[in-house]
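Observations on the three-dimensional arrangement
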Amino acid sequence: MTEATLTGRVAIVTGGQGGIGRAIVARLLRDGARVAVFDLSGNEQASRDSVLRINCDVTVQANVETALASVREALGPVQILVNNAGLLGPVARVIEITTETWRRVTDVNLTGTFVCCKAVASDMVQAGYGRIINIASVQGKEGMELAGAYAASKAGVIALTKTLGKELATSGVLVNCITPTAVDGGMIDEIEDQRRAYILDRIPMKRFCSVDEVAAMVAWLASDECSFSTGGVFDLSGGRSSY
Ligand SMILES: NC(=O)c1ccc[n+]([C@@H]2O[C@H](COP(=O)([O-])OP(=O)(O)OC[C@H]3O[C@@H](n4cnc5c(N)ncnc54)[C@H](O)[C@@H]3O)[C@@H](O)[C@H]2O)c1
């Protein structure tokens, strides 16, 4: 991938203040895009770089619509949406978590992705061009003990991606998702050592994914080089996933 492949593009990255989100933002900027971040922690870094940082809870439709209006005004129409905001939730068995926890995790990971897709996709369809990249997880394919709400929400993101990809297939808007295994530098840092070791042991390459490896795949899916893939689920699992 050469640099500046995204020149002239406007991108939104949700959860862009987190570990993976920061790497995606840096990569899209490097490739020439202008980038807006929707995150809970808002405008605190507004003056430190060229990124438009908007305080936005992706689960709240009115928040997302207002944030999108600000992006349109400041940067112009949006061609790239990266749905990356996410919440791991507690490490606990399904029968032990509260319904409130279940709702919060699925609300951020799945409903937040839906809300952002819904807000952004119609403009893209009208323009006849767009790239939507949803950050799912290998756990959405396989399930994962002690992470039931998270795994179920990511399975939902995969199904949403496949569905929206089919619905928009002739519109010029491509919708794909990626399914990383554990990534160093993000929410995996919240996990205690024993569980980290267990997850590491299941990865044939015997290392975690890096944030830059996630960002590189996102950059390709956001570019014109990606032209015949939609509704796709892209593996980043160091050999763990067999489908
Ligand atoms: N780190 C991993 O091992 C891993 C593996 C596979 C997939 N993922 C996925 O990658 C994405 C990024 O994860 P990360 O590891 O960088 O986590 P992180 O916790 O470092 O970052 C998540 C970001 O999302 C933001 N966020 C949470 N709720 C939000 C809301 N309601 N509205 C707006 N922003 C919100 C947080 O403020 C944070 O900046 C997530 O979707 C996660 O599920 C992570």
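Going by the structure above, here's the rest.
Below or above, wherever it landed, is the structure these notes cover. Just so it is clear, the model here is predicted, and its values are computed rather than measured.

In terms of regular secondary structure, the chain is built from seven helices and seven strands. In sequence order, the secondary structure elements of the chain are arranged as β-α-β-β-α-β-α-β-α-α-β-α-α-β. The C-alpha atoms of the chain give 17 Å as radius of gyration, which agrees with the globular expectation for 243 residues (18 Å, within 12%). Along the first, second and third principal axes, the C-alpha set of the chain runs to 45 × 40 × 35 Å. Here the chain, with 243 residues, has 53% of them falling under the buried criterion. Taking as baseline every contact in the chain between residues at least 6 positions apart, the subset at least 24 positions apart corresponds to 71%. Separation of charge centres in the chain, based on 23 positive and 26 negative side chains, amounts to 3 Å.

Quick look at the packing of helix α2 (residues 61-75) against helix α3 (residues 99-127) now. The geometry of α2 relative to α3 is characterised by a closest axis approach of 9 Å and an angle of 40° between their N-to-C directions. The handedness of the crossing between α2 and α3 comes out as right-handed. Here α2 contributes Q61, V64, L68 and R72 to the contact with α3, which in turn contributes V115, C116, K118, A119, V120 and D123. Of the residues assigned to the contact of α2 with α3, the class counts are six nonpolar, one polar and three charged.

Moving on: the sheet that holds strand β3 (residues 52-55). The strand order β3-β2-β1-β4-β5-β6-β7 describes an open sheet built from seven strands, whose pairing is parallel. Pairing within the sheet leaves two strands with one partner each, and these edge strands are β3 and β7 (232-236). Here the strands of the sheet are splayed against their neighbours by 20° on average, with no regard to which way each runs. Pairing between strand β5 (residues 130-135) and strand β6 (residues 173-180): six bridges, direction parallel. Bridge assignment links I133 to a residue of β6, and that residue is N176. Sheet strands in contact with α3 are β1 (10-14), β4 (80-83), β5 and β6, and its direction is about 175° off that of β4. Along the sheet, helix α7 (residues 211-221) makes contact with β4, β5, β6 and β7, crossing β7 at roughly 155°.

Two numbers describe how helix α1 (residues 19-30) lies on α7: the axes approach to 8 Å, and their chain directions differ by 50°. It follows that α1 is oblique to α7 by the angle criterion. Both α1 and α7 take part in a crossing whose hand is right-handed. Note on element contacts: α7 touches α1 through V211, D212, V214, A215, A216, V218 and A219, opposite G19, I20, A23, I24, R27 and L28. Per-class residue counts for the contact of α1 with α7 are ten nonpolar, one polar and two charged.

Okay, the packing of aromatic side chains next. All told, the structure shown has one aromatic pair when counted by the stated rule. Taking the ring centre of Y129 as reference, the NZ or CZ of R9 above it sits at 4.2 Å. Geometry around Y243 places K141 over its ring, the cationic atom sitting 5.2 Å from the centre.

In the neighbourhood of the ligand, 27 residues make up the surrounding shell, with I20, D39, Y150, V183 and M187 lying closest. In this structure, V58 approaches the ligand through a main-chain N or O atom, which is 3.0 Å from a nitrogen atom. At 3.5 Å, a backbone N or O of G86 approaches an oxygen atom of the ligand. When the ligand sits alone it has 820 Å² of accessible area, and the protein chains cover 90% of it. Every element with two or more residues in the shell around the ligand is listed here: α1, α3 and α5 (148-167). A per-class count over the shell around the ligand returns 14 nonpolar, nine polar and four charged.

About the cut-offs
- Residues numbered from 1 in each chain as written.
- Predicted model: local features only at pLDDT ≥ 70, side-chain atom pairs only at ≥ 80, totals over all residues.
- Heavy atoms only, no water.
- Helix = DSSP H or I, 4+ residues; strand = E, 2+ residues; numbered from the N terminus.
- Rg over C-alpha atoms; globule rule 2.2 N^0.38 Å.
- Buried < 20%, exposed > 50% of the residue type's maximum accessible area, 1.4 Å probe, protein only.
- Contact = heavy atoms within 4.5 Å.
- Lys, Arg positive; Asp, Glu negative; His and termini not counted.
- Charge placed at Lys NZ, Arg CZ, Asp CG, Glu CD.
- Axes fitted to C-alpha atoms, helices over the stretch in contact; angles between N-to-C directions.
- Left-handed = near helix turned anticlockwise from the far one by under 90°.
- Nonpolar A, V, L, I, M, F, W, Y, C, P; charged D, E, K, R; others polar.
- Pairing = 2+ DSSP bridges.
- Parallel < 35°, antiparallel > 145°, perpendicular 65-115°, else oblique.
- Phe/Tyr/Trp six-rings, centres within 6.5 Å; stacked < 30°, edge-to-face > 60°.
- Lys NZ or Arg CZ within 6 Å of the ring centre and 35° of its normal.
- Near = heavy atom within 4 Å.
- Polar contact = N/O pair within 3.5 Å; in protein donor to acceptor, adjacent residues only side chain to side chain.
- Areas by Shrake-Rupley, 256 points an atom, 1.4 Å probe, with all protein chains shown as cover.

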